[in-house]
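Inside the fold
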Amino acid sequence: MSKKKKKEKRFAKKLLHKYRLVILNEDTFEERFAIKLTRLNVFVITTLSAIFLVFLTILLIAFTPLREYIPGYSSAKLKKEASTLNFKTDSLVKELELNKRYYASIRKVLTGDVSAEDLDRDSIIEAAKNDLDVLQTTTNKEDSLLREKVEKEDKYNLFEDNADQSNFILFPPVNGTISQGYNIEDKHYAVDVVVATNTPVKATADGTVIFAEWTIETGYVIIIEHNQELISVYKHNTAITKSQGDLVKAGEVIAMSGNTGELSTGPHLHFELWSKGYPVNPTNFIDFQ
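What you see is a predicted model; the values in this text were computed from it and never measured. (Residues numbered from 1 in each chain as written. Predicted model: local features only at pLDDT ≥ 70, side-chain atom pairs only at ≥ 80, totals over all residues. Heavy atoms only, no water.)

**Considering the overall build of the chain**
The number of helices and strands found in the chain is five helices and twelve strands. Counting the 289 residues in the chain, one finds 23% classified as buried. By sequence separation, contacts in the chain at least 24 residues apart represent 58% of the contacts at least 6 residues apart. Carbon and sulfur atoms make up 57% of the accessible area of the chain, which totals about 21,400 Å². (Helix = DSSP H or I, 4+ residues; strand = E, 2+ residues; numbered from the N terminus. Buried < 20%, exposed > 50% of the residue type's maximum accessible area, 1.4 Å probe, protein only. Contact = heavy atoms within 4.5 Å. Areas by Shrake-Rupley, 256 points an atom, 1.4 Å probe, with all protein chains shown as cover.)

**A closer look at unusual backbone geometry**
Of note, the phi angle at Lys 187 is positive, near 55°, even though the residue is not glycine. Positionally, Lys 187 belongs in the loop between β3 (177–180) and β4 (191–194). Residues other than glycine seldom take positive phi values, yet His 236 does so here, at roughly 65°. As for its position among the elements, His 236 is in strand β8 (residues 230–240).

**Topic: the packing of aromatic side chains**
Going through the model one piece at a time under the given rule, you end up with six aromatic pairs. Taking the centre distance of 5.5 Å and the plane angle of 65° together, the rings of Tyr 102 and Tyr 103 count as edge-to-face. On the basis of relative accessibility, which here comes to 47%, the residue Tyr 103 falls in the partly exposed class. With centroids separated by 6.5 Å and ring planes inclined at 50°, the aromatic side chains of Tyr 182 and Tyr 189 adopt a geometry described as tilted. Taken individually, Tyr 182 and Tyr 189 each receive the classification buried, so the pair is uniform in this respect. Cluster of aromatic residues (ring-pair linked, three or more members): Tyr 182, Tyr 189 and Trp 274. (Phe/Tyr/Trp six-rings, centres within 6.5 Å; stacked < 30°, edge-to-face > 60°.)

**Focus on the nonpolar core**
Core analysis: the biggest nonpolar cluster contains 34 residues, and Val 201, Ile 223, Ile 224, Tyr 234, Ile 254, Phe 271 and Leu 273 have the highest contact counts within it. Sorting the residues of this core by element identifies α3 (76–111), β4, β6 (207–215), β7 (219–226), β8, β10 (253–257) and β11 (268–275) as the ones contributing at least two each. Residues contacting Ile 224, with those up to four places away along its chain left out, are Ala 203, Gly 207, Thr 208, Val 209, Leu 230, Ile 231, Ser 232, Tyr 234, Val 248 and Ile 254. (Core = buried A, V, L, I, M, F, W, Y, C linked by side-chain atoms within 4.5 Å.)

**Observations regarding the side chain of Ser 257**
Looking at the element boundaries, Ser 257 is found in strand β10. Here the side chain of Ser 257 touches Ala 196 through a polar contact of 2.9 Å, landing on its backbone oxygen. Once you skip the residues sitting within four places of it in the chain, Ser 257 turns out to touch Val 195, Ala 196, Thr 197, Asn 198, Thr 199, Val 201, His 236, Asn 237 and Thr 238. (Polar contact = N/O pair within 3.5 Å; in protein donor to acceptor, adjacent residues only side chain to side chain.)

**Some points on the pattern of salt bridges**
When charged atoms on two side chains of opposite charge get close, those side chains can pair. Tallied over the entire structure, the rule returns four salt bridges. Notably, a salt bridge pairs Glu 97 with Arg 101, separated by 3.7 Å at the nearest N-O pair. One end of the pair, Glu 97, and the other, Arg 101, are both in helix α3, four residues apart, so they sit about a helical turn from each other. Glu 97 gets classed as partly exposed once you look at its relative accessible area, which sits at 38%. (Salt bridge = Lys/Arg side-chain N within 4 Å of Asp/Glu carboxyl O.)

**Some words on a positive patch on the surface**
On the surface, a cluster of positive charge is contributed by Lys 5, Lys 7, Lys 9, Arg 10, Lys 13, Lys 14 and Arg 39. At six residues, helix α1 (residues 2–16) tops the list of elements feeding residues into the positive patch. In this fold, Lys 9 is placed in helix α1. Taking relative accessible area as the criterion, Lys 9 reaches 58% and is therefore assigned exposed. (Patch = residues over 30% accessible without salt bridge, like charges linked within 9 Å, V, L, I, M, F, W, Y side chains within 5 Å. Lys, Arg positive; Asp, Glu negative; His and termini not counted. Charge placed at Lys NZ, Arg CZ, Asp CG, Glu CD.)

**Some words on a nonpolar patch on the surface**
There is a patch of nonpolar side chains on the surface, built from Leu 16, Leu 40, Phe 43, Val 44, Leu 48 and Ile 51 and spanning about 590 Å² of accessible area. When residues in the nonpolar patch are grouped by element, the largest group, five residues, is from helix α2 (residues 39–63).

**Some points on the confidence of the model for the chain**
The predicted model of the chain has a mean per-residue pLDDT of 80, with 77% of residues at 70 or higher. Per-element mean pLDDT across the chain ranges from 57 in helix α4 (residues 121–135) up to 95 in strand β5 (residues 200–202). With pLDDT under 50 throughout, residues 155–167 is counted as low confidence; its partners more than four residues away or in other chains account for four contacts. (pLDDT = per-residue confidence, 0-100.)

**Focus: the pairing of β10**
Taken together, the three bridges between β5 and β10 define a ladder with antiparallel strand orientation. Bridged to Pro 200 within β10 is Met 256. Note: β8 against β10, three bridges, orientation antiparallel. Looking at the pairing, Ile 240 lines up with Ala 255 of β10. (Pairing = 2+ DSSP bridges.)

The following block contains the structure:
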């Protein structure tokens, strides 16, 4: 035990033993600077200096642009730009997917590559009657008064179409002889009406032009979307007078008939009607004579 105490005392004396650091002029040996030090002071000062340098380095890296020069440390500006580009890329991918679906549906309409459903006027009227039977419910006085009030308000509403859907009439795009009729088995979901070249082709109903372009197989094609999920297609035109997004009225000239496209065998109008994604026979609704 005495030896250990002696060693501890010697170690403590060494730590507290004073030294004098003197700076002399080499030529005159004049003392310019002197300081008293101990080993303990040197250790404490060295430790505090190292901690201060580490702390200062951390501050410089965290709060100054110097961190951008450190290999492997990304810039905050680059991170922000990368996040912005990532959001834009995600939006573009979604928009591209929507456009692909839209053009795929248009391509099916143009090529007729879709399962057909044979619809006629009688079936549509019967379905409408069934819907009315289902919707018929008992009413009371309050319901009747509320319905009358809403009808009066909607009477002068410019943004609502209050026309009875049963009075929805299709206008004949052209008048002429049908050379090839609607045939599901041959996948001819249209009627070919023989007309002279440059005969005005008219819109069958009010609607919006959703496609107006040239195709190799069917020449100038124009497609119009109408109310009640109805789409009309006009092919083999020699010219079109409307562009995509244009609003048209029933009976308005939208194209000039012709004999364009690889699938055309003479001047005529290839006319299609699509209801809720299914082709229907145009002659059930339109008289072309």
